[in-house]
Amino acid sequence: MTSVENQTVDPTAHDSGNKATEKFKANRVSSDTSKERANAIYTDLLAAIAEVAHKHEITYEEYAVLKQWMIDVGEYGEWPLWLDVFVEHEIEEINYNRHDYTGTKGSIEGPYYVENSPKLPWDGEMPMRDKDKACTPLIFEGQVTDLDGNGLGGAEIELWHADEDGFYSQFAPGIPEWNLRGTIVTDEEGRYKIKTLQPAPYQIPHDGPTGWFIESYGGHPWRPAHLHLRVSHPGYRTITTQLYFEGGDYVENDVATAVKPELVLHPEATGDGNHVHYPFVLDKEN
Ligand SMILES: [Fe+2]
């Protein structure tokens, strides 16, 4: 729950879903997929659907429920949420594996990225409210390098994450626009050191059709605590990834299947909060 002046507002799946859909629609996308490739993909997709329908002898009632649910997902604006939670991790893995990348692994972007967050110095603090400052501080530091270990000065690290209640600015009511969002610019050696708060695990919005879907098969809507990152430098491959915390809840059973062992941080608790180090290694663009 979030406090707006003296009122308490519950963010709903409907609100955050519609905001994610509006953000997505603002940049119209296209792909140069050929007719031949489209034909091959759609033929296989329909064959896969037919196989599942036959294997499980889908009833007319189940078919009608599917149709109603798909209408609901659209009306709640939850296609970005549902697709990014249940499908994006496969697309991300396919596109990492099709190149010979050896740098830092990627992970899903999810529906809550916003471009052009405020620039921050290499050694600074994320924009946050007093209530965020009262949480356990997290000192996140490291270096951005190329594959040979040379520091990349002026690299940009876009960082966004949820507050302690699991809410993202611009997608839940009552949170300042750029809260817990920033673009850190590395120093001449590629170093960064940013103070933020220790994020907590959160449940993806589950009071709408994505939640009904999860409930229908007896799943759970939790994601482990994580930081979202997008790391870029001219001439290098931009990495979109997430970092997790060793031993944290749901690291082993993330609803979005987005955890990779290489992306797990090892926090050290010190008197002034949790410290984590992470080296980002960028592949050359190809
Ligand atoms: Fe997230």
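The model shown is predicted, which means the values in this text are computed figures rather than measured ones.

What counts, and where the lines are drawn
- Residue numbering note: each chain is counted from 1, following its sequence as written.
- Totals for whole chains, interfaces and linings use every residue, but because this is a predicted model, local features are given only for residues with pLDDT of at least 70 and side-chain atom pairs only at 80 or more, for both listing and counting.
- Hydrogens and waters are ignored; side-chain quantities use all the structure's heavy atoms.
- Here a helix means four or more residues in a row that DSSP labels H or I, a strand means two or more in a row labelled E, and each is numbered from the N terminus.
- Each radius of gyration is computed over the set of C-alpha atoms, and the globule rule expresses the reference value as 2.2 Å times the number of residues to the power 0.38.
- To sort residues, take the accessible area from a 1.4 Å probe on protein chains only and compare it with the maximum for the residue type: under 20% means buried, over 50% means exposed, and anything in between is partly exposed.
- Contacts are assigned to residue pairs that have any heavy atoms within 4.5 Å of one another.
- Here the accessible surface of atoms and residues is derived via Shrake-Rupley with a 1.4 Å probe, and residues count as covered only by protein chains that are part of the display.
- Charge counting treats Lys and Arg as positive and Asp and Glu as negative, with His and both chain ends excluded.
- To locate a charge, take atom NZ for lysine, CZ for arginine, CG for aspartate or CD for glutamate.
- Each residue carries a pLDDT score, the predictor's confidence in it, ranging from 0 to 100.
- UniProt positions are given in the numbering used here, feature names are shortened, and annotations may be inferred rather than shown by experiment.
- Here, nonpolar core means buried Ala, Val, Leu, Ile, Met, Phe, Trp, Tyr and Cys residues that are tied together by side-chain atoms lying within 4.5 Å of each other.
- Counted as donors are N, O and S atoms no farther than 2.8 Å from the metal, or 3.2 Å for Na, K and Ca; water is not among the atoms, and sites may therefore look incomplete.
- Four donors are marked tetrahedral only if all angles between them lie between 85 and 135 degrees, whereas four are marked square planar and six octahedral if opposite donors are more than 155 degrees apart and the other angles lie between 65 and 115; the remainder are marked irregular.
- One speaks of a salt bridge when a side-chain nitrogen belonging to Lys or Arg is within 4 Å of a carboxyl oxygen belonging to Asp or Glu.
- Paired strands, in this sense, are two strands between which DSSP finds at least two bridges.

Glancing now at the overall build of the protein. Counting secondary structure elements, the protein contains seven helices and 16 strands. Here the C-alpha radius of gyration of the protein, 20 Å, is about what a compact globule of 286 residues would show, namely 19 Å. Considering only C-alpha atoms, the protein reaches an extent of 60 × 55 × 35 Å along its principal axes. When each of the 286 residues of the protein is scored for burial, the buried share is 44%. Counting contacts in the protein only where the partners sit at least 6 residues apart, residues at least 24 apart contribute 73% of the total. Of the roughly 15800 Å² that the protein leaves accessible, carbon and sulfur atoms contribute 52%. The averaged location of the 49 negative side-chain charges in the protein is 5 Å from the averaged location of its 23 positive side-chain charges.

In the predicted model, the protein carries a mean pLDDT of 93, and 96% of its residues have values of at least 70. Confidence drops under pLDDT 50 across residues 1-8; counting only partners more than four residues distant or on other chains, this segment forms 17 contacts.

The sites that carry the UniProt feature "domain: Intradiol ring-cleavage dioxygenases" (unreviewed entry) are, in the present numbering, residues 140-168. The span residues 140-168 is 0% helical and 38% strand by assignment, and the distance between its end C-alpha atoms comes to 19 Å.

It is worth spelling out the nonpolar core at this point. Counting 45 residues, the largest nonpolar core has F140, L229 and F280 as the members making the most contacts within it. Within the residue set of this core, elements represented by two or more residues are helix 4 (79-86), strand 5 (137-145), strand 6 (156-160), strand 8 (191-197), strand 11 (226-232), strand 12 (239-245) and strand 13 (264-265). Top contributing element to this core by residue count: strand 12, with four residues. In this view, F140 contacts L159, Y192, K193, I194, L227, L229, L243, V276, Y278 and F280; residues no more than four positions away in its chain are not counted.

The protein atoms that coordinate the iron ion are Y168 (OH), Y202 (OH), H226 (NE2) and H228 (NE2), at distances of 1.9 to 2.2 Å. Seen from the iron ion, its four donor atoms lie at angles of 91 to 167 degrees, and the figure they make is irregular. The sequence motif formed by the donor residues of the iron ion is Y-x33-Y-x23-H-x1-H. Here H226 lies in strand 11 and Y202 lies in strand 9 (residues 202-203), a separation of 24 residues in the sequence. Assessed through its relative accessible area of 2%, H226 is described here as buried.

The subject of this paragraph is the pattern of salt bridges. Scanning all chains against the criterion turns up 13 salt bridges. The partner of R191 in a salt bridge is D187, and the shortest N-O contact between them spans 2.8 Å. The class of R191 is partly exposed, set by a relative accessible area of 33%. Note that R191 is salt-bridged to E189, the shortest N-O span being 4.0 Å. By relative accessible area, E189 is classed as partly exposed at 41%. Taken together, the shared-partner salt bridges connect E109, E158 and R230 into one network.

In terms of burial, strand 12 is largely enclosed, as seven of its seven residues are buried. Here strand 12 shows a buried face lined by I239, T241, L243 and F245 and a second buried face lined by T240, Q242 and Y244. Of the pairings in the sheet, the one linking strand 11 to strand 12 comprises six bridges and is antiparallel in character. Following the sheet pairing, H228 is matched in strand 12 by Q242. Hairpin connection, strand 11 to strand 12: the antiparallel pair is bridged by six residues, and G235 has positive phi, about 90 degrees. Pairing geometry for strand 12 and strand 13, over two bridges, is parallel. When the sheet's bridge partners are listed, F245 is paired in strand 13 with L265.

The subject of this paragraph is the sheet that holds strand 12. Read across the sheet, six strands follow the order 3-7-6-11-12-13 without closing on themselves; strand pairing throughout is mixed. The open sheet is flanked by strand 3 (119-120) and strand 13, the only strands paired with a single partner. Direction of pairing for strand 6 relative to strand 7 (residues 181-185): antiparallel, over a ladder of five bridges. Note that in strand 7 the partner of E156 across the bridge is V185.

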